[in-house]
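# A closer look at the structure
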Amino acid sequence: KQAPDQLIIDAGQKQFGATACASCGMIYSADSLEDNFQHTQFHQRLLDSIKFVGWKKERVVAEFWDGKIILVLPEDPKYATKKAEEVRKLADNELGFQQVSLSCPSKAKTYLFVNSDKMVVGCLITEHIRQAFRVLEQPERTKDMTKADFMEHHRAWCCSTSPETAICGVSRIWVFSLMRRQGIATRLVDTARNTFMYGSHLTKTEIAFSDPTPDGKLFATKYCET
Ligand code: ACO
Ligand code: ZN
């Protein structure tokens, strides 16, 4: 098993026959031909999609020691909207969305977190909304529940039936798997709250997360209460 020449694969620790690629994060079995093929494809696509070359005009809305956040609007130059689209597709792929388009693409705002290695490692897409349904606390998964049952339950029963006013809807939030738990999602949402409406600062209750995944719920619950 030899990696194709064009890839620099720094294979991480081996456990139970599975290898985690240290550059794309994919976990695969290096002994399987099929897995190796899948990995090669995923690896190249991921690195191409998150590569950030720098733009003539960048709307930098926040700067940090480890990166910056760039806002992309639908009317921006093609090079910017194309990159935003590329990253959205990557996130959608991971979220399991199949070509779901945005409800109103002409109004969507995309926030990209670019790190100091010139990679887009986080993406937040917001939409303007009027009302939302509050996400309710979930019961714990019980012993006799299969994982599939639990997930189904998780997605289907997470919201209350009474609408509340919200202004900024988080339609997608995604952070590169190897960069999670470093506050990137938190900084993206904080920045969106500050820049979503000119001259005003949205409170945490004016933000709503649409159809959150289990990861998304853990994050949103933590974010909204602190
Ligand atoms: N498990 C438990 N708690 C979590 C998790 C998790 N997987 N992720 C975030 N949190 C909580 C923690 O309390 C965390 O603080 P801590 O690290 O100090 O404990 C706090 O939220 C803040 O987390 P961040 O570091 O800001 O979040 P991160 O940058 O890791 O991104 C995200 C979170 C976006 C959910 C990421 O895990 C991800 O991209 N997951 C895959 C895609 C996904 O499911 N996105 C949400 C879809 S829902 C939607 O788009 C509306
Ligand atoms: Zn890889």
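Residues numbered from 1 in each chain as written. Chains lettered and ligands numbered in written order. Predicted model: local features only at pLDDT ≥ 70, side-chain atom pairs only at ≥ 80, totals over all residues. Heavy atoms only, no water.

### Side note on the coordination of the zinc ion (ligand 2)
By definition of the ideal shapes, four donors in a tetrahedron about a metal sit 109.5 degrees apart, and six donors in an octahedron sit 90 or 180 degrees apart. In the first shell of the zinc ion (ligand 2), the protein supplies Cys21 (SG), Cys24 (SG), His39 (NE2) and His43 (ND1), at 1.9 to 2.4 Å from the metal. Coordination geometry of the zinc ion (ligand 2): the 4 donor atoms subtend angles of 105 to 119 degrees at the metal centre, consistent with an arrangement described as tetrahedral. (Donors = N, O, S within 2.8 Å, 3.2 Å for Na, K, Ca; no water. Tetrahedral: all angles 85-135°; square planar, octahedral: opposite > 155°, others 65-115°.)

### Looking at the pattern of salt bridges
Taken as a whole and assessed by the stated rule, the structure comprises 11 salt bridges. When the shortest N-O distance is used, the salt bridge between Lys83 and Glu86 registers 3.4 Å. On the criterion of helical spacing, the pair formed by Lys83 and Glu86 is a turn pair, its members being 3 residues apart in helix 2 (residues 78-95). Judged by relative accessible area, Lys83 falls into the buried class, the value being 10%. (Salt bridge = Lys/Arg side-chain N within 4 Å of Asp/Glu carboxyl O. Helix = DSSP H or I, 4+ residues; strand = E, 2+ residues; numbered from the N terminus. Buried < 20%, exposed > 50% of the residue type's maximum accessible area, 1.4 Å probe, protein only.)

### Thoughts on the nonpolar core
Grouped together as the largest cluster of nonpolar side chains are 49 residues, with contacts concentrated most on Ile50, Tyr111 and Trp174. Among all residues touching Trp174, those that are not within four sequence positions of it are Ile50, Val87, Leu90, Ala91, Glu94, Val120, Val121, Gly122, Cys123 and Arg180. (Core = buried A, V, L, I, M, F, W, Y, C linked by side-chain atoms within 4.5 Å. Contact = heavy atoms within 4.5 Å.)

### Notes on the site of ligand 1
The environment of ligand 1 is formed by 23 residues, the closest being Ile173, Val175, Arg181, Thr186 and Thr213. In the model, an oxygen atom of ligand 1 is placed 2.7 Å from a nitrogen or oxygen of the Arg181 main chain. Considered on its own, ligand 1 offers 970 Å² of accessible surface; in the complex 82% of this is hidden by protein. For the shell around ligand 1, the secondary-structure elements that each account for two or more residues are helix 2, strand 10 (168-175), helix 4 (184-195) and helix 5 (214-225). Top contributing element to the shell around ligand 1 by residue count: strand 10, with 6 residues. Of the residues contributing to the shell around ligand 1, the split by class is 10 nonpolar, 7 polar and 6 charged. (Near = heavy atom within 4 Å. Polar contact = N/O pair within 3.5 Å; in protein donor to acceptor, adjacent residues only side chain to side chain. Areas by Shrake-Rupley, 256 points an atom, 1.4 Å probe, with all protein chains shown as cover. Nonpolar A, V, L, I, M, F, W, Y, C, P; charged D, E, K, R; others polar.)

### A closer look at the environment of Arg180
Within the secondary structure, Arg180 is located in the loop between strand 10 and helix 4. With a relative accessible area of 30%, Arg180 lands in the partly exposed category. Residues Arg180 and Val121 lie 59 residues apart in sequence; the distance between their C-alpha atoms is 9.1 Å. Beyond its immediate chain neighbours, meaning those up to four positions away, Arg180 contacts Glu94, Trp174, Val175 and Asp215. In this structure the side chain of Arg180 is engaged in a polar contact, spanning 2.7 Å, whose partner is the side chain of Glu94.

None of this, on its own, says anything about what the molecule does.
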